[in-house]
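Survey of secondary and tertiary structure
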Amino acid sequence: QVQLVESGGGLVQAGGSLRLSCAASGRTFSNYAMGWFRQAPGKEREVVAAITWSGGRTKYGDSVKGRFTISRDTAKNTVYLQMNSLKPEDTAVYYCAADTVVYVWPRMETYEYDYWGQGTQVTVSS
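Quick notes on the rules
Residues numbered from 1 in each chain as written. Predicted model: local features only at pLDDT ≥ 70, side-chain atom pairs only at ≥ 80, totals over all residues. Heavy atoms only, no water. 1 Å grid on protein atoms, 1.4 Å probe; cavity = no way out; pocket = protein on both sides within 12 Å on 5 of 7 lines; lining within 4 Å. Points joined across faces, edges and corners; volume = space filled by probe spheres on them. Nonpolar A, V, L, I, M, F, W, Y, C, P; charged D, E, K, R; others polar. Pairing = 2+ DSSP bridges. Helix = DSSP H or I, 4+ residues; strand = E, 2+ residues; numbered from the N terminus. Axes fitted to C-alpha atoms, helices over the stretch in contact; angles between N-to-C directions. Buried < 20%, exposed > 50% of the residue type's maximum accessible area, 1.4 Å probe, protein only. Polar contact = N/O pair within 3.5 Å; in protein donor to acceptor, adjacent residues only side chain to side chain. Contact = heavy atoms within 4.5 Å. Core = buried A, V, L, I, M, F, W, Y, C linked by side-chain atoms within 4.5 Å. Salt bridge = Lys/Arg side-chain N within 4 Å of Asp/Glu carboxyl O.

Regarding the layout of surface pockets
- The space that makes up the largest pocket amounts to roughly 170 Å³.
- What lines the largest pocket is a set of 13 residues, among which Arg 38, Lys 43, Glu 46, Glu 89 and Asp 90 lie closest to the centre.
- Looking at side-chain class alone, the lining of the largest pocket contains two nonpolar, three polar and eight charged residues.

Below, the structure written as C-alpha cells:
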C-alpha cells in the first residue's frame with residue numbers, strides 16, 4: 001500500500017511559478033514510476049508529467065512541455081513538479097499517482113496508475 005500526499009498548490013498570477021510536492025509513504029516507493037495529472041472543472045483528468053522509478057526518463061503532456069519539470073528524490077520519498085510560466089489554462093486540481101508496473105518509459109494514462117493522492121488546487125489568475 002502507498003499513501004500519497006500533495007502540497008504546494010495555491011493562487012499565482014499568470015507568468016509565475018509554483019512547485020508541487022508529493023510525499024509518499026509505504027513500501028517500495030522507489031520501485032514505482034510516478035506521474036502528475038490534473039483535472040479542471042468539467043474536463044477529464046489529463047497527464048501532466050511522468051517519471052520512471054530511477055528518475056532517468058521523463059515524459060510530458062504537450063501543453064506543459066518546456067514549462068514544467070518533474071523530478072524525484074528517492075531518499076526523501078518525494079516527487080516534485082516545478083511549474084514555470086504558468087497560464088490561466090493551467091488552473092486545475094493536480095494529483096500525483098504511482099504506477100506499480102515497471103516499464104522502460106513512464107506511462108501516461110490515468111488507468112495505468114494504481115495509487116492516487118487527494119489533490120492540490122492550483123489557480124492561475126490572468
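Following the structure, the description resumes.
Things to note about the sheet that holds strand S8 (residues 78-83)
- Pairing is antiparallel in the open sheet, where four strands are placed in the order S1-S3-S8-S7. The outermost strands of the open sheet, each flanked by one partner alone, are strand S1 (2-7) and strand S7 (68-73). On average, adjacent strands in this sheet sit at an angle of 15° to one another, irrespective of strand direction.

Examining the side chain of Glu 112
- Here Glu 112 is to be found in the loop between strand S9 (92-99) and strand S10 (115-116).
- When its relative accessible area of 16% is taken as the criterion, Glu 112 is described as buried.
- Polar side-chain contacts of Glu 112 include one of 3.5 Å to the backbone nitrogen of Met 108.
- Setting aside residues no more than four positions away along its own chain, Glu 112 makes contact with Asp 99 and Arg 107.

Considerations on the nonpolar core
- One finds Trp 36, Leu 81, Met 83 and Tyr 94 to be the most contacted residues of the largest nonpolar core, which totals 27 residues.
- Ranked by size, the runner-up nonpolar core spans six residues in total, among them Phe 37, Ala 50, Ala 97 and Met 108.

Examining unusual backbone geometry
- Positive phi, normally seen in glycine, also occurs at Asn 77, with a value near 55°.
- The residue Asn 77 is located in the loop between S7 and S8 in this model.
- One non-glycine residue, Ser 85, adopts positive backbone phi at about 50°.
- Relative to the helices and strands, Ser 85 is located in the loop between S8 and S9.
- Residue classification places Ser 85 among the partly exposed residues on the basis of a relative accessible area of 40%.

Some details on the pattern of salt bridges
- Evaluation of the coordinates by the stated rule reveals six salt bridges.
- Salt-bridge contacts for Lys 65 lead to Asp 62; the nearest nitrogen and oxygen are separated by 3.1 Å. An identical accessibility class is assigned to Lys 65 and Asp 62; each is exposed.
- For Arg 107, the salt bridge is made with Asp 99, and the minimal N-O distance between the two is 2.8 Å. The pair Arg 107 / Asp 99 is uniform in exposure class, with both members buried.
- Taken together, the salt bridges that share partners define one network made up of Arg 38, Glu 46, Arg 67 and Asp 90.

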